Amino acid sequence: MEDLVEVKMLEEGIALLTLNRPSAANALSRELLHALSRSLEKISEDHSLRTVILTGAGTKAFCAGADLKERAGMNETDTVKTVALIGKTISALEELPVPVIAAINGAAFGGGLELALACDIRLASETAKLGLTETSLGIIPGAGGTQRLPRIAGVAVAKELIYTARKLDARTAQELKIVSGVFSPEQLLPEAKQLAREMSRNAPLALRAAKSAINEGVDLPLDQGLEAEKRWYQTTISSNDRLEGLKAFKEKRKPMFTGN
Ligand code: COA
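In this text the structure is predicted, and so the values were computed from the model without any measurement.

Asker: Explain the layout of surface pockets here, please?
Answerer: Any empty space left between atoms is shown by rolling a water-sized probe over those atoms. Roughly 620 Å³ of volume is contained in the largest pocket. Cys119, Asp120, Ile214, Asn215 and Val218 are, among the 20 residues lining the largest pocket, the residues nearest its centre. Of all the elements in the fold, those that place two or more residues in the lining of the largest pocket are strand S7 (121-125), helix H5 (145-153) and helix H9 (204-217). With 5 residues, the single largest contributor to the lining of the largest pocket is H9. A class-by-class count of the residues in the lining of the largest pocket yields 11 nonpolar, 2 polar and 7 charged. Domain assignment of the residues forming the lining of the largest pocket places at least three in each of domain 1 (5-200) and domain 2 (204-251). What the second largest pocket holds in volume is close to 330 Å³. Considering the residues around the second largest pocket, the lining is formed by 22 residues, among which Ala66, Gly110, Gly111, Glu134 and Ile139 are closest to the centre. Elements with a contribution of two residues or more to the lining of the second largest pocket: helix H2 (68-72), helix H3 (76-94) and helix H4 (111-117).

Calculation notes
Residues numbered from 1 in each chain as written. Predicted model: local features only at pLDDT ≥ 70, side-chain atom pairs only at ≥ 80, totals over all residues. Heavy atoms only, no water. 1 Å grid on protein atoms, 1.4 Å probe; cavity = no way out; pocket = protein on both sides within 12 Å on 5 of 7 lines; lining within 4 Å. Points joined across faces, edges and corners; volume = space filled by probe spheres on them. Helix = DSSP H or I, 4+ residues; strand = E, 2+ residues; numbered from the N terminus. Nonpolar A, V, L, I, M, F, W, Y, C, P; charged D, E, K, R; others polar. Domains from an automatic or database assignment.

Structure, rendered in C-alpha cells:
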C-alpha cells in the first residue's frame, strides 16, 4: 500500500510532505492522521531539517478535512476522540521547530484549511478553494479554526467566514491575507521550494529562534513578548553561526552556516 503521507527530503534540508490519499480528496482518516503524526515526529528529529513544505497529492484537493464517511459510522465518543486526534496532529504540525509552508494545491475545507492555518506561510494554486465549512455540517471548526483564523485574518473576517461556511477562491483568500501568494498549478510547488530555499540559506538556529519568538510572543502583551524575544535572541548569542555571519560580512562573502 502507498504511504498515506509521503516524505521526501529535498536539497538544503527541505522536507516535502504530501498528503497522499487522492481518491478521497486527501481527507483526514484516522489512519492518515497517525501517518502524519509519525512523519512529523520523524522529520523533527532530523537535525539537517531547515524548512517543511506540506501539500496534497493530485490536482483536486489539498485536504478535504475530516473523513466524513468514516465519521458517519462513529458514535459520539469516537467522534470526540477523532476530533481531538485531528487537533493534536495539527498542533504537532504548528509546533515543528522550523518554518512550514502550506502549498495549497486544491480544495482546503474544514480540517484541511485548519491544517494550513497551522503552517507559518500559505501559498495557493489559482485553482484552490478554501473554507471553514463546518457550520454547514452542523458542527464548528474543532482543530483550531475558530482560534487561528481570527489571529491570521482578524476577528470580523473570521466570524463572517465561519458563520457563512463560505468557500473562497485563492485570490480572495489572498486579499484577506489568509494566503500570501497565488500561482498557477504548475508553478505552485516550484514557488514553494524557492521560498523554502530562501529561508533555508539563513542560519538554522536563528530560523528556529525566530519562529519560537514569534509564536510565543504573538498572543502576549508587548512587554512579555519582548521578554520572549530577548530569551530567544540569547539562544543565538553563543552560536558559531553568529560569528560566521559577522566574519562573512567582514570578508564580503556569503556565510557558510552549519547550524551550530
Ligand atoms: N471525507 C471523505 N471522503 C471525501 C471527503 C471527505 N471530507 N471529501 C471528498 N471525499 C471523497 C468523495 O466522496 C469522493 O469519493 P467517491 O469517488 O468514492 O465518491 C472523492 O473523495 C472525490 O471527491 P469528489 O467530490 O468526487 O471530487 P470533487 O473534485 O468534485 O470535489 C471536494 C472535491 C473536496 C471539493 C469535495 O469532495 C468536497 O467538498 N468535499 C467535502 C469537504 C468538506 O466539506 N470538508 C469539511 C469537513 S468538516
